[in-house]
Amino acid sequence: GGGGLNVAAVPSPAAGNFSKTQETVLQFRLLDGSTFRHQFAIGATLGDAFRVVQGHLKGGVTNLPESPSFSLKMLHPRMEFTHETHSEQTLSELGLSPSATLILSALRGAGGGSSGAGGGGGGWRSWLSSWWSGSGGSGDVGE
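As the structure is a computational prediction, the values presented were derived from the model and not from experiment.

What counts and what doesn't
Residue numbers here run from 1 along each chain, matching the order of that chain's written sequence. Only residues with pLDDT of 70 or above have their local features reported here, since the model is predicted, and side-chain atom pairs are shown and tallied only from 80 upward, although totals for entire chains, interfaces and linings are computed over all residues. Remark: hydrogens and water are excluded; side-chain values derive from all non-hydrogen atoms of the structure. What counts as a salt bridge is simple: a side-chain nitrogen of Lys or Arg found within 4 Å of a carboxyl oxygen of Asp or Glu. Numbered from the N terminus, helices here are DSSP runs of H or I no shorter than four residues, and strands are runs of E no shorter than two. DSSP bridges decide pairing: two strands pair if at least two such bridges lie between them. Fitted lines through C-alpha atoms serve as axes, helices being fitted only where they are in contact, and the angles separating the N-to-C directions of these axes extend from 0 to 180 degrees. Whether two aromatic rings pair depends on their centres lying within 6.5 Å, for rings of Phe, Tyr and Trp, where Trp uses its six-membered ring; planes under 30 degrees apart make the pair stacked, over 60 edge-to-face, and the rest tilted. In this analysis, the expected span of each helix is defined as 1.5 Å times one less than the number of residues it contains. When a residue's accessible area, from a 1.4 Å probe over protein chains only, is under 20% of the maximum for its type it is buried; when over 50% it is exposed; and in between it is partly exposed.

## Side note on the pattern of salt bridges
- Summed over the entire model, instances satisfying the criterion amount to one salt bridge.
- With its nearest N and O atoms 2.6 Å apart, the salt bridge here joins Arg-51 to Asp-48. Highlighted residues: Arg-51 and Asp-48, both in helix 1 (residues 46-57), separated by three residues, approximately one helical turn.

Pasting the structure below:
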């Protein structure tokens, strides 16, 4: 199917209204490489996004423990969001509105052992890991 959302097809004065959108659409790339999208109301927080992802991973259960074992990364600009640090901030405050793609990343030291989806043949995960750890980066974060 086409699904064409011709957002930037014709520039017009009304394009300024686009920033006042009433929702944010996030696409999440999971550890197994699959993706899903979710639409959030204006004012939604990153904590809401973490709950949606946890629910998706657990088959729809949303009343899960507070601390997920993953972070959410954005490639451009390169940022990493954690539940502990960013859950109270709105998607808009974090620059994720009106839309963004976030990539799940297992937290270091998280006792991972998730069945199936998180493990195994790291193709894009290996690339992301090496890219994220600084190849070609600005080196602004010291270790």
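## With respect to the sheet that holds strand 4 (residues 79-81)
- If you trace the five strands from one edge of the open sheet to the other, you get 2-1-5-3-4, paired in mixed fashion. A single partner strand is all that each edge strand has here, and the edge strands are strand 2 (35-41) and strand 4. Pairwise comparison of adjacent strand axes, ignoring direction, gives a mean angle of 30° for this sheet.
- In this sheet, strand 4 lies alongside strand 3 (residues 70-74) in antiparallel orientation, the contact comprising three bridges. Residue Leu-72 lies in a different strand from strand 4, and its bridge partner there is Phe-81.

## Considerations on the packing of aromatic side chains
- Evaluated as defined, the whole model comprises three aromatic pairs.
- Among the aromatic residues, those joined into a ring-pair cluster are Phe-28, Phe-36 and Phe-40.

## Some details on the pairing of strand 1 (residues 23-29)
- Taken together, the seven bridges between strand 1 and strand 2 define a ladder with antiparallel strand orientation. Bridge pairing in strand 2 places Glu-23 opposite Ala-41.
- What sits between strand 1 and strand 2 in their antiparallel hairpin is a turn of five residues, with Gly-33 showing a positive phi close to 95°.
- Pairing of strand 1 with strand 5 (residues 99-106) involves five bridges; the strand directions are parallel. Bridge pairing in strand 5 places Val-25 opposite Ser-99.

## Observations regarding helix 1
- Spanning twelve residues, helix 1 covers 17 Å between terminal C-alpha atoms, matching the ideal 16 Å at 1.5 Å per step.
- Where helix 1 is concerned, the buried positions are Leu-46, Gly-47, Ala-49, Phe-50, Val-53, Gln-54 and Gly-55.
- Gly-59, located one to two residues past helix 1, shows a positive phi value of around 75°.

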